[in-house]
Amino acid sequence: MPLALLALAVGAFGIGTTEFVMMGLLPDVADDLNISIPSAGHLVSAYALGVVIGAPLLAAVTAKMSRRTVLTGLMGLFVVGNALSALAPDNGWLLAARFLSGLPHGAFFGVGAVVATNMVAPERKARSVSLMFLGLTIANVAGVPVATLVGQHLGWRATFLGVSAIGLVAIAALALLIPRDHEHVTAQGLRGELAALSSLPVWLSLGTTVAGFGALFSAYSYITPMLTEAAGYADASVTLLLALFGVGATAGNLLGGRLADHSLRGTLFGCLASLVVVLSLFPLLMRTEVTAAVAVILLGLTAFATGSPLQLMVMEKASSAPSLASSANQAAFNLANAGGAWIGGLALAAGFGVTSPALAGVVLAVLGLAVASFAYAVDRRRAPATSRERIVASHVPQEAEPVHH
């Protein structure tokens, strides 16, 4: 695997850290700015809104630029957003800075996924995407806990200054390791890029992402009350258990990438089905501390194993605009985050029990399987008879670029 994937992973680590660390710093931010916890929670939403808006927009308007230039520019915007977060004098300024920090998130992963797949042989494309996403999952294991501790002991502003420093390291790595010749040589302008997203298979792939990851966030958004009220863990133990989730997510990400290189559809169906099983068992597994810890690991494993297959699927379906499609998929991930949390909250508010968000996730995972199955049927109808027997992740159309090893 090319060393350039390390540069992408460093950027992903910084992005993952700043995305999730705000959850652990909400009380500190609220106290410092004299606002309520619910008001501070809007800072999480502001970041997600930036991702949803920035992902397709920035990918489209930078379509004719060198990908190395785009990636370093996006990371520069990330550094500015986090530095402004550290310097924000009040809640309004911090909201704007968090929105700015979220803008480059989706486009970075979208363009980065295209760069990653174009640097490896066809049979290693999914694995290359999973290695870039490795930075995101490791952020949940190490980056977020460390950044949270820094914020609690040195102040939340120090956390965002530290994240800005990670961004500067990523810029240097990207400038040194991403080859110059990774450019959008077949770029077709904003209208052409948007037209590539108009096909039914692309929207079905995006729909699978929203439903599948919505299932994850329906349960994960309420994992703390499940662990404390159902499994009996002390509040102080939750941080360690969330790190276990990151361990499962890291393993699932690597496993999904490797399996998807052999069978893209098979991996996607298998992982979604496994997610259905794990979420269905949550009410049972949350009865003891040991089985609850196992449930947290399995949730990260099965959910993040779908990440690389979903990313590659969207890129295949919009082969003439892979950067835009890949970025749009990142927006879909964040819609899944917001939608899954909302649906899980409805189950909880309805009085169905503390583990009911996991059962709501079962419904979403089944919906994801249904959408993926319908997409498969559409592909079979459109594909020549000789290619219907098996669909594997063996080809993402390459632009006029050499393969680097």
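So, how was this worked out
- For every chain, the first residue of the written sequence is number 1, and numbering continues from 1 onward in sequence order.
- Note on the predicted model: pLDDT of at least 70 is required for a residue's local features to be given, and 80 or more for side-chain atom pairs to be given and counted; whole-chain, interface and lining totals, by contrast, use all residues.
- As a rule here, side-chain values cover all heavy atoms of the structure and leave hydrogens and water aside.
- Only DSSP runs of H or I covering at least 4 residues are called helices, and only runs of E covering at least 2 are called strands; the numbering of each starts at the N terminus.
- Residues count as neighbours in contact if any of their non-hydrogen atoms are within 4.5 Å of one another.
- Calculation of accessible area relied on Shrake-Rupley with a 1.4 Å probe; when residues are assessed, cover is drawn exclusively from the protein chains displayed.
- What makes a salt bridge here is a side-chain nitrogen of Lys or Arg within 4 Å of a carboxyl oxygen of Asp or Glu, nothing more.
- Using a 1.4 Å probe on the protein chains alone, a residue whose accessible area is under 20% of its type maximum counts as buried, one over 50% counts as exposed, and one in between counts as partly exposed.
- A 1.4 Å probe that fits but cannot get out identifies a cavity on a 1 Å grid over protein atoms alone, an open set with protein on both sides within 12 Å along at least five of seven lines counts as a pocket, and a residue lines either if it has an atom within 4 Å of a point.
- Grid points are joined across faces, edges and corners, and a volume is the space filled by probe spheres set on the points.
- Three classes are used: nonpolar for Ala, Val, Leu, Ile, Met, Phe, Trp, Tyr, Cys and Pro, charged for Asp, Glu, Lys and Arg, and polar for all others, with Gly counted as polar.
- Centre distance within 6.5 Å is the pairing criterion for rings of Phe, Tyr and Trp, where only the six-membered ring of Trp is used; planes under 30 degrees apart are then read as stacked, over 60 as edge-to-face, and the remainder as tilted.
- Take the number of residues in a helix, subtract one, and multiply by 1.5 Å to get its expected span.
- Identification of polar contacts relies on pairs of N or O atoms within 3.5 Å, with a donor-acceptor requirement for protein atoms, meaning one able to donate a hydrogen and the other able to accept it, and with residues adjacent in sequence counted only if both atoms are side-chain atoms.
- Among the buried residues, those of types Ala, Val, Leu, Ile, Met, Phe, Trp, Tyr and Cys that are joined through side-chain atoms within 4.5 Å form a nonpolar core.
- Within the patch definition used here, like charges are joined within 9 Å and nonpolar side chains (Val, Leu, Ile, Met, Phe, Trp, Tyr) within 5 Å, considering only residues with over 30% relative accessible area and no salt bridge.
- What pLDDT expresses is the predictor's confidence in each residue, scored from 0 to 100.

**Q** Sorry if this is basic, but what is going on with the overall build of the protein chain here?
**A** Scanning the protein chain for helices and strands turns up 16 helices and zero strands. Of the contacts formed within the protein chain by residues at least 6 apart in sequence, a portion of 85% connects residues at least 24 apart. Total accessible area on the protein chain stands at roughly 15600 Å², and carbon and sulfur atoms take up 69% of it.

**Q** Just to check I follow, could you spell out the pattern of salt bridges for this structure?
**A** The final tally for this structure, using the stated rule, is four salt bridges. Residue Asp 32 is joined to Arg 157 by a salt bridge in which the shortest nitrogen-to-oxygen separation is 3.5 Å. Of the two residues, Asp 32 sits in helix α1 (residues 4-33) while Arg 157 sits in helix α6 (residues 156-177), which places them 125 residues apart along the sequence. The exposure class assigned to Asp 32 is partly exposed, which follows from its relative accessible area of 41%. What makes Arg 157 partly exposed here is its relative accessible area of 27%. As a salt-bridge pair, Arg 265 and Asp 379 come within 1.9 Å of each other at their nearest N and O atoms. Placement of the pair is Arg 265 in helix α11 (residues 264-280) and Asp 379 in helix α16 (residues 356-382), with a sequence separation of 114 residues. Residue classification places Asp 379 among the buried residues on the basis of a relative accessible area of 11%.

**Q** Even after reading the chapter, I still don't get empty space enclosed by the protein, so can you show me in this structure?
**A** In this approach, a probe sized like a water molecule rolls over the atoms, and the result shows the empty space that is left. All told, the structure shown has four cavities of 30 Å³ or more when counted by the stated rule. Estimated volume of the largest cavity: approximately 230 Å³. Looking at the largest cavity, it is lined by 14 residues, and the ones nearest its centre are Leu 136, Phe 213, Phe 304, Gln 330 and Phe 333. Sorting the residues of the lining of the largest cavity by element identifies α1, α5 (125-154), α8 (200-220) and α15 (322-349) as the ones contributing at least two each. No other element matches the four residues that α15 contributes to the lining of the largest cavity. Partitioned by chemical class, the residues of the lining of the largest cavity number seven nonpolar, six polar and one charged.

**Q** Which parts of the structure should I look at to understand the packing of aromatic side chains?
**A** Note on aromatic pairs: each is described by the distance of the centres and the angle between the planes. Using the criterion set out here, one finds eight aromatic pairs in the structure. Between Tyr 220 and Phe 245, the ring centres sit 4.1 Å apart and the planes meet at 20°, which makes this aromatic pair stacked. Pair noted here: Tyr 220 is in helix α8 and Phe 245 is in helix α10 (residues 238-260), with a separation of 25 residues, a long-range link. Neither residue differs from the other here; Tyr 220 and Phe 245 are each classed as buried.

**Q** Got a minute to help me understand α11 in this structure?
**A** Look at α11: 24 Å from first C-alpha to last across 17 residues, which is about the 24 Å you get at 1.5 Å a residue. All of the buried residues in α11 are Leu 264, Arg 265, Thr 267, Leu 268, Cys 271, Leu 272, Leu 275, Val 276, Val 278 and Leu 279. Packing partners of the buried residues in α11 comprise α8, α10, α12 (282-285), α13 (289-304), α14 (307-317) and α16. For α11, the capping residue at the N-terminal end is Ser 263, with a side-chain oxygen 3.1 Å from the backbone nitrogen of Gly 266.

**Q** Help me out: how do you make sense of α15 in this one?
**A** In an α-helix there are 3.6 residues to a turn, and that puts residues three or four apart on one side. A rise of 1.5 Å per residue sets the reference length of α15, with its 28 residues, at 40 Å; its end C-alpha atoms lie 40 Å apart and thus fit the reference within 8%. Across the 28 residues that make up α15, a large majority, 20, are buried. Once α15 ends, the next one or two residues include Gly 351, with phi positive near 85°.

**Q** Teacher, can you tell me more about the nonpolar core here?
**A** It is characteristic of soluble globular proteins that their nonpolar side chains tend to be buried jointly. Ranked by internal contacts, the top residues of the largest apolar core, which has 45 residues, are Leu 216, Phe 282, Met 286 and Leu 299. Ranked by size, the runner-up nonpolar core spans 38 residues in total, among them Ala 4, Leu 5, Phe 108 and Ala 173.

**Q** Would you explain a nonpolar patch on the surface in this entry?
**A** A cluster of nonpolar side chains, contributed by Leu 49, Ile 53, Leu 57 and Val 61, occupies part of the molecular surface with about 350 Å² of accessible area. Locating Ile 53 in the fold gives a position in helix α2 (residues 37-61). Relative accessible area serves as the criterion here: at 39%, Ile 53 is assigned to the partly exposed category.

**Q** It is not clear to me how the layout of surface pockets should be interpreted in this structure. Could you clarify?
**A** Roughly 1000 Å³ of volume is contained in the largest pocket. Around the largest pocket, the lining is made up of 33 residues, and of these Phe 20, Met 23, Gly 24, Tyr 220 and Leu 242 lie nearest the centre. Those elements that place two or more of their residues in the lining of the largest pocket are α1, α2, α5, α8, α9 (223-230), α10 and α15. A per-class count over the lining of the largest pocket returns 19 nonpolar, 12 polar and two charged.

**Q** Sorry, what's going on with the environment of Leu 312 here?
**A** Turning to its location among the elements, Leu 312 is positioned in helix α14. For the pair formed by Leu 312 and Lys 125, sequence separation is 187 residues and the distance between their alpha carbons is 8.0 Å.

**Q** Can you help me understand unusual backbone geometry in this one?
**A** Glycine aside, the phi torsion of most residues is negative, and most peptide linkages are trans. Here the phi dihedral of Asn 34 falls at roughly 60°; this positive angle occurs in a residue that is not glycine. In this fold, Asn 34 is placed in the loop between α1 and α2. With relative accessibility at 70%, the residue Asn 34 sits in the exposed group.

**Q** I keep staring at the environment of Ala 165 and nothing clicks. Help me out?
**A** The topology assignment puts Ala 165 in helix α6. Since its relative accessible area comes to 38%, Ala 165 is described here as partly exposed. Remark: the alpha-carbon pair of Ala 165 and Val 79, spanning 86 residues in sequence, is separated by 7.6 Å.

**Q** Honestly, the confidence of the model for the protein chain in this entry has me stumped. Any pointers?
**A** Keep in mind that low pLDDT regions are not for reading the predicted coordinates in detail. Averaged over the protein chain, the pLDDT score is 84; the fraction of residues at 70 or greater is 89%. Confidence drops under pLDDT 50 across residues 182-187; counting only partners more than four residues distant or on other chains, this segment forms 25 contacts. Within the model, pLDDT remains below 50 along residues 385-405, and this stretch shows 59 contacts once partners closer than five positions in the same chain are excluded.

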